[in-house]
Amino acid sequence: MKSETRLSHLLTAFILPCVAACQATSPPANEDGAHDDGVIEASFGPGDLDKDCEEDAGYCVLPAVNAPPDATRVALMFDLTGGDSTTLPMVDARAIDDAGGASAWVETMSLFAEEGLFVLAADLNTKAAQVQVRVPAELAPFIENLTVSAVRVEDKTTVSEPKVVGGLPDYLVGVVRSRAQWGAKPTKCTDLDEKKTRLAVHHTVTPRSASGGYDARIRQIQAFHMDGNGWCDVGYHFLVTEDGTVYEARPMRFLGAHVYQNNTGNVGMSFVGCFHTSGCAGLGSTTPPQAAIEAASKVLGLVAKNQNVTISTSTLKGHRDHSGQSTTCPGDNLHSKLPTIRDLASAAASGKAQCKSKFTDICGSPHEDDIVWFTSEGFSSGCAADKFCPDQVVSREQMAAFLTKALNLPSGPDVFTDDETSPFEAAINSIAAAGVTSGCDSAKKLFCPKGEVTRGQMAAFLAKGFNLPTGPNAFSDDDGSPFEPSINAIAAAGITSGCSASGLEFCPDKFVTRAQMATFLRRALSP
């Protein structure tokens, strides 16, 4: 895991926080899948190479990285973000023994190169207490998200062919992007572990995507795990990207390698990205994407259903919640979403509609996605702890508050005489100053804050607030309505498609519900 104290921490700890593959490193002796754990990793974020390297004969020499016992290999995974991203950079590695003596530099070999993403490795031909890497000084500013692994290479001469072959379980076909679809290399795994009893959530501590798309990032991770670290496949069983695509990684029938001494019966689901409160610089937003949460939860729920696992805090955990772990994985921000993931996974396992938020009264609503957006943007916190009240009619004072936030309006002078006790008086004054409303009476002294907003009035509020030009006649039931020009304006802007399946009616006299308001505002702000 990258952090502000990245090197002082990374180079002294033997069991490291979650990095690049979210694989907690460990001593080699472990009967529970430890053949994949003979790795210690250090991670360097954007700009770290410039700050941490020591220049020597035109090279940037990075600080030494501790190695597990009998380590003889160095593996590297990184992005080349500038210059010629198609040309393999010359990178060397060497071993440092217990006495501090350094071996000769060994040139790394290319294991993966695609769309500026690289995986390299070097066999050092000697055992190392530490390993060290150097890169050409002129390339150092362009190498980002570098992960260096010190690897204990095992004797593979007795490894047999996989015991079983085949693709995704039938219940995941069409839900998960299969290995064949993303171009995975054949697995080398042989240790069967078909009965699953628990589920683990991780993050990869890598960029969320790449210029070549998500598939390229997944192929890079597989190459790093298999060819760099010498594992039989990706450590996890599934990876999920920010767009909500779940990838089949290590076939689920095989023993995973994602939680030290806790791999038996454990399904590994890793979110591609970095979701901790520190150490994620240059890796994108640290907020877990809603699409990824929903997709991962659905797959975990389907797996739980198939394997007869009851979702609970004991059976669905973060990496760091397992016994014997020394890691921040899956990061504080994703870890805080575990209750939501459990709820969504339980819903998927039971066959019920997946609720996409804490509000239990919007599950399956056609406005559900818009309400999730509406609340995440801070327009509303709901009407109760777990309720949104989607069918509740919007009042004029609530509409004033929604528009003031949506339009980021400044405050205005006191205008109306009937809103003195309204909690939304400031918002009412704001929309009045902006010319969005002139009140509800001919004298322009009253606002009628508790009045319910009709769809026609809502159209007028939106058309004035967003300064929308009028459009062609869109509906057949608003002829003669004073709001017809505004209705045509919001129709032309794509904010409404009417109130009927035919698309010919707008229903101008019907009241606007909170659910409908969420949809209208999302469309207005995200045309």
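Throughout what follows, the structure given in this document is the object of discussion.

Rules of the game
Residue numbers restart at each chain and count upward from 1, following the sequence in its written direction. Confidence filtering applies because this is a predicted model: local features only for residues at pLDDT of at least 70, side-chain atom pairs given and counted only at 80 or more, and all residues used for totals across whole chains, interfaces and linings. Side-chain calculation: all heavy atoms of the structure are included, whereas hydrogens and water are not. In this description a helix means any DSSP run of H or I spanning at least four residues, a strand means any run of E spanning at least two, and both kinds are numbered starting from the N terminus. Exposed residues in this analysis have more than 50% of their type's maximum accessible area, buried residues have under 20%, and partly exposed residues fall in between, with area computed by a 1.4 Å probe over protein chains only. Here a salt bridge means any side-chain nitrogen of Lys or Arg lying within 4 Å of a carboxyl oxygen belonging to Asp or Glu. In plain terms, two cysteine sulfur atoms within 2.5 Å form what is called a disulfide here.

Comments concerning unusual backbone geometry
1) Next: Omega for the bond connecting C329 with P330 falls within 30 degrees of zero, at 10°, which places this linkage in the cis form.
2) Next: With respect to the helices and strands, P330 occurs in the loop between β14 (316-318) and α6 (332-335).
3) Next: Unlike most non-glycine residues, N125 shows phi in positive territory, near 60°.
4) Next: As for its placement among the helices and strands, N125 is situated in strand β8 (residues 117-136).
5) Next: The exposure class of N125 is exposed, given its relative accessible area of 73%.
6) Next: A positive phi angle is found at V205, which is not glycine, with a value near 55°.
7) Next: Tracing the backbone through its elements, the reader meets V205 in the loop between β10 (198-203) and α4 (214-228).
8) Next: Residue classification places V205 among the buried positions, given a relative accessible area of 1%.

Structural notes on the pattern of salt bridges
Close approach of charged atoms allows side chains of opposite charge to pair.
1) Next: In total, this model carries 14 salt bridges according to the counting rule given.
2) Next: Where R208 meets E242, a salt bridge forms, and the shortest distance between an N and an O atom there is 3.0 Å. Here E242 lies in the loop between β11 (238-240) and β12 (246-248) and R208 lies in the loop between β10 and α4, a separation of 34 residues in the sequence.
3) Next: Residue class for E242 comes out partly exposed when judged on its relative accessible area of 26%.
4) Next: Measuring nitrogen to oxygen at the nearest pair gives 2.7 Å for the salt bridge that ties E397 to K450. Separated by 53 residues along the polypeptide, E397 in helix α9 (residues 396-407) and K450 in the loop between α10 (425-433) and α11 (455-465) bring together distant segments of the chain.
5) Next: With a relative accessible area of 5%, E397 lands in the buried category.
6) Next: Here K450 falls in the exposed class, since its relative accessible area comes to 61%.

Description of the state of the cysteines
1) Next: Considering all chains together, one arrives at five disulfides under this definition.
2) Next: Two residues, C189 and C232, share a disulfide whose sulfurs are 2.1 Å apart. What sets the handedness of the C189 and C232 disulfide is the S-S torsion sign, and at about 75° it is right-handed. On the criterion of sequence distance, the pair formed by C189 in the loop between α3 (179-182) and β10 and C232 in the loop between α4 and β11 is long-range, its members being 43 residues apart.
3) Next: Judged by its relative accessible area of 1%, C189 is buried.
4) Next: You can call C232 buried: its relative accessible area is 12%.

Remember that the coordinates give geometry; whether it matters functionally is a separate question.
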